[in-house]
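Fold and contact review
So you can see what is in the structure, the chains are spelled out below.
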Amino acid sequence: MDILARRLTIISLLMVVFAMSLAAAVSADTERRRQHNYTTTLADCTVHTAQFCRTKL
């Protein structure tokens, strides 16, 4: 039982590290896009209205 608990703890810690790394990467990418003003990407078009996308593309 001790080994199972230790394995679950290690797996949980690895998942936390992965989630924090992913959140940091997404945050950095969002900030980079905001600084460079990329407004014509597909992701931006899904957020905004179709009219906005037509005027930007």
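Note that the structure is a prediction, hence the values are computed from the model and not measured. (Residues numbered from 1 in each chain as written. Predicted model: local features only at pLDDT ≥ 70, side-chain atom pairs only at ≥ 80, totals over all residues. Heavy atoms only, no water.)

With respect to the overall build of the chain
What counts is decided by this rule: Only runs of H or I of at least four residues qualify as helices and only runs of E of at least two qualify as strands under DSSP, and these elements are numbered from the N terminus. Burial classes follow relative accessibility: with a 1.4 Å probe on protein chains only, a residue under 20% of its type's maximum area counts as buried, one over 50% as exposed, and anything between as partly exposed. All accessibility values rest on the Shrake-Rupley procedure with a 1.4 Å probe; residue burial counts only the protein chains present in the view.
Of regular secondary structure, the chain possesses 3 helices and 0 strands. Sequence-ordered secondary structure for the chain, helices as α and strands as β, is α-α-α. Within the span of the chain, comprising 57 residues, buried residues form 4% of the whole. Surface summary for the chain: the accessible area is close to 5,200 Å², and the carbon and sulfur share equals 65%.

Considering a nonpolar patch on the surface
Convention followed: Put simply, a patch holds well-exposed residues, over 30% relative accessible area, that have no salt bridge, with like charges counted together within 9 Å and Val, Leu, Ile, Met, Phe, Trp or Tyr side chains within 5 Å. A carboxyl oxygen of Asp or Glu within 4 Å of a side-chain nitrogen of Lys or Arg is what we treat as a salt bridge.
On the surface, Met1, Leu4 and Leu8 cluster together into a nonpolar patch covering about 380 Å² of accessible area. A relative accessible area of 83% places Met1 in the exposed class.

Concerning the pattern of salt bridges
A side chain of one charge can pair with a side chain of the opposite charge when the charged atoms of the two come close. Inspection of the entire model under this criterion finds 1 salt bridge. Ionic pairing is found between Arg32 and Asp29, a salt bridge with its closest N-O pair at 2.7 Å. Note that Arg32 and Asp29 are positioned in helix α1 (residues 2-36) at a spacing of 3 residues, about one turn of the helix. Under the relative-accessibility criterion, Arg32 is labelled partly exposed at 36%. By relative accessible area, which is 29% here, Asp29 ends up partly exposed.

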